[in-house]
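Structural features, examined
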Amino acid sequence: MIQNLIVDSDLHLLRIQEMNLMEVGPLNWEKACFVPTKADTNVVAYRKWLKKYAGGQLDWGTKFNGSLPPTPPREQLMDRYWSHVVNCSSCSGAYKGFNALQISLQVFSVALVAIMAATKQGMLPVAARNTLAVAAISCFVGSKWLAHFIYKNFHFHDYNHAFK
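Residues numbered from 1 in each chain as written. Predicted model: local features only at pLDDT ≥ 70, side-chain atom pairs only at ≥ 80, totals over all residues. Heavy atoms only, no water.

Turning our eyes to something else, we now look at the nonpolar core. Listed in full, the nine residues of the largest apolar core are Tyr-81, Val-85, Cys-88, Cys-91, Tyr-95, Leu-146, Phe-149, Ile-150 and Phe-154. The dominant element in this core, judged by the number of residues it contributes, is helix α7 (residues 126–154), at four residues. (Core = buried A, V, L, I, M, F, W, Y, C linked by side-chain atoms within 4.5 Å. Buried < 20%, exposed > 50% of the residue type's maximum accessible area, 1.4 Å probe, protein only. Helix = DSSP H or I, 4+ residues; strand = E, 2+ residues; numbered from the N terminus.)

So this is what it looks like as structure tokens:
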């Protein structure tokens, strides 16, 4: 799950980098990129090859006119559900399982409240009534926490590298 956070935030960073590259132009990519490590050697070699044999950029024919589409909102750019969860069998299975658990917790919480409301005052001891109340509240709070967990892990979680 932590890896997903990094991949999602990289989408945002790559979008910013695309805009920087478009601003300086494909032949001046060195002004937009800082590649100081040995790990970047292949990137530098590829860029030099592009500059020498392709004028600094690929010829996309009529499919690409050289301008970037407008930047979508962060939530759309880093949407995990449609870009990954729908297509990944293990993630979609976990998503369905967590949603089923969330609904079960909500139903159980309502059922416990209904049991407490339906029983007469003297039928249940005070300890049992309090236990039912605590269980109902715990199930409700658990379902709310689970809803937040599902959203952050299967839909969208805003992430900033600077905070890690």
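Let us look at the side chain of Asp-79. Among the structural elements, Asp-79 can be located in the loop between α4 (74–77) and α5 (80–83). Among the polar contacts made by the side chain of Asp-79, one reaches the main-chain amide nitrogen of Trp-82 at a distance of 2.9 Å. (Polar contact = N/O pair within 3.5 Å; in protein donor to acceptor, adjacent residues only side chain to side chain.)

In this section: the packing of aromatic side chains. All told, the structure shown has eight aromatic pairs when counted by the stated rule. Ring geometry for Tyr-46 against Trp-49: centres 6.4 Å apart, planes inclined by 20 degrees, an arrangement best described as stacked. Taken together, the residues span about one helical turn, with Tyr-46 and Trp-49 both in helix α3 (residues 41–54) at a distance of three residues. Exposure remark for Tyr-46: the relative accessible area of 43% places this residue in the partly exposed category. Considering the side-chain rings of Phe-98 and Phe-149, the 5.2 Å spacing of their centres and the 75 degrees angle between planes classify their relative orientation as edge-to-face. You can see Phe-98 sitting in helix α6 (residues 89–118) and its partner Phe-149 sitting in helix α7, a full 51 residues away along the chain. Clustering of aromatic rings is evident, with ring pairs tying together Tyr-81, Trp-82, Tyr-95, Phe-98, Trp-145, Phe-149 and Phe-154. (Phe/Tyr/Trp six-rings, centres within 6.5 Å; stacked < 30°, edge-to-face > 60°.)

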